[in-house]
Structures are given as structure tokens and as C-alpha cells.
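Descriptive structure summary
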Amino acid sequence: MSASNPLIQMETSLGEILLELDIVKAPKSVENFLSYARAGHYDGSIFHRVIKGFMIQGGGLTADMAIKPTQEPIENEAGNGLKNKVGTIAMARTAEIHSGAAQFFINTEDNKSLDHGGLNPAVYGYAVFGKVVDGMDVVYTIEQRPTATVAGQADVPVEPVIITAVTVID
């Protein structure tokens, strides 16, 4: 761990995850995540997309599947050299390259197909901005939850996995 990298304590209904964010390689993504965390945005949100052998995604919906409001999207930092490896946290986005806002995902496998592959939108990639330093057991527990299609969203845990608090450790 680097002394300059922020640490994040993410409390979930299934346990705690400790994250270290890479402020040097992903400054915009880190500042964006910190802004949402400090504002309490993630508190009460859920992991709404859970795919075994791939990743767990959260930070944008409530347990009743309401979409939480966000700030303007940020620039995609996928070209920062960080790879979508097991235990890394990355910015979720739509097909639009620079559409990441509050949602994030934690990789549960090495997902090379999500890494930056050039300027073509089809291969631009997803910006990694940190990693799990403790609590991968919790990530894997979340990954194993049974899922269903809920309110038009696929891969939603049948029993909501709630993010109860996200704290920046100063």
C-alpha cells in the first residue's frame, strides 16, 4: 500500500471490503469515487449486477431498483496501464466511452477483454482505479448469490446485497 493512496472501507450486508485506490494512475476516477463516497451516495445502494466468474457491480441502484441520481460522467482513464485483474475495482459505464459516473465493479476473474485496447470504442476498455486489499472473501460471497431478472435488470441478487456505508479512511 502507498501512503498517498486513499483507503476505503465498504460495509455491505454480507461483510466488509477494504479498498486501496490508485490516485496516481487514475486521479479522475479516484476523485470521482471519493466525491460520491463522502456525499453518502453509496450508502443504501446495492450490488445490482452479479455474474459468477466475471464481476460484481454496484453503486447506482437502491434495493427497490430505483436509479440513484449522479453527477456528470467523467473521462474514461482505461489507458492508465492498470489491468482488470482479480480484485481490482473499475468504473462501470455504458457503451459510450466517457459515461462512467457512480457505478463501479469489482473483478472476480482476470478480465483481459475489459482492458484498454486502443481508441476504437469497441476496445477502449474500463478504467481500473484501485484494488481490494482485504475482504475478497466477501466479494466471492456476493458473487455466489443466486440472481434473477428484476425490474428489467438481469443478474440481480434475489436477496439484495446492500452497501450500508462507504467510508474514506483518512
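This text goes with the structure placed above it.
Rules and cut-offs
Residues numbered from 1 in each chain as written. Predicted model: local features only at pLDDT ≥ 70, side-chain atom pairs only at ≥ 80, totals over all residues. Heavy atoms only, no water. Helix = DSSP H or I, 4+ residues; strand = E, 2+ residues; numbered from the N terminus. Buried < 20%, exposed > 50% of the residue type's maximum accessible area, 1.4 Å probe, protein only. Salt bridge = Lys/Arg side-chain N within 4 Å of Asp/Glu carboxyl O. Lys, Arg positive; Asp, Glu negative; His and termini not counted. Contact = heavy atoms within 4.5 Å. Pairing = 2+ DSSP bridges. Arc of directions from axis to C-beta. Expected span 1.5 Å × (residues − 1).

For the rest of this paragraph, the subject is unusual backbone geometry. Glycine aside, negative phi is the norm for most residues, and most peptide bonds take the trans geometry. Despite not being glycine, Met65 has its phi angle at roughly 70°, a positive value. One can find Met65 in the loop between strand E4 (55–62) and strand E5 (88–91). Judged by relative accessible area, which is 13%, Met65 ranks as buried. A positive phi angle is found at Asp155, which is not glycine, with a value near 65°. Mapped onto the elements, Asp155 comes out in strand E9 (residues 153–157).

A few words now on the pattern of salt bridges. In total, this model carries two salt bridges according to the counting rule given. Glu75 is the partner of Lys28 in a salt bridge, and the nearest nitrogen-oxygen pair spans 2.6 Å. Placement of the pair is Lys28 in helix H1 (residues 27–38) and Glu75 in the loop between E4 and E5, with a sequence separation of 47 residues. Looking at Glu75, the relative accessible area reads 43%, which means it is partly exposed. Its salt-bridge partner being Arg145, residue Glu159 comes within 3.8 Å of it at the nearest N-O pair. Linking Glu159 in the loop between E9 and strand E10 (162–169) with Arg145 in the loop between helix H2 (136–143) and strand E8 (147–150), this pair joins segments that are 14 residues apart in sequence.

All right, on to the side chain of Asp115 then. The topology assignment puts Asp115 in the loop between strand E6 (104–107) and strand E7 (128–134). One buried charge, Asp115, has no salt-bridge partner; the nearest side chain with opposite charge is Lys83, at 4.7 Å. Contacts of Asp115, omitting those with residues within four sequence positions, involve Lys83, Asn84, Val123, Tyr124 and Gly125.

Glancing now at the pairing of E6. Neither face of E6 is open: one carries Phe104 and Ile106, the other Phe105 and Asn107, and all of them are buried. Note: E4 against E6, four bridges, orientation antiparallel. Each residue of the ladder has a partner; that of Met55, found in E6, is Asn107. When E5 meets E6, the two strands line up antiparallel, connected through three bridges.

Attention shifts here to H2. Residues three or four positions apart in an α-helix share a direction because the helix packs 3.6 residues into each turn. Taken as a whole, H2 has its buried residues at Met136, Val138, Val139, Ile142 and Glu143. Taken around the axis of H2, the buried residues stretch over an arc of 155°, which confines them to a single face. Looking at the buried residues of H2, the elements they touch are strand E1 (7–12), strand E2 (15–21), strand E3 (45–51), E4, E6 and E7.

As a further point, take the pairing of E2. As paired strands, E1 and E2 are joined by six bridges and run antiparallel to one another. Along E2, the bridge assignment pairs Met10 with Ile17. The sheet contact formed by E2 and E7 spans four bridges and is antiparallel. The residue of E7 that forms the bridge with Glu20 is Lys131.

The first and last C-alpha atoms of H1 sit 16 Å apart over twelve residues, in line with the 16 Å expected at 1.5 Å per residue. All of the buried residues in H1 are Ser29, Val30, Asn32, Phe33, Leu34, Tyr36 and Ala37. Next to the buried residues of H1 lie E1, E2, E5, E6, E7 and E10. Note on H1: the residue one or two positions beyond its end, Gly40, has a positive phi of about 80°.

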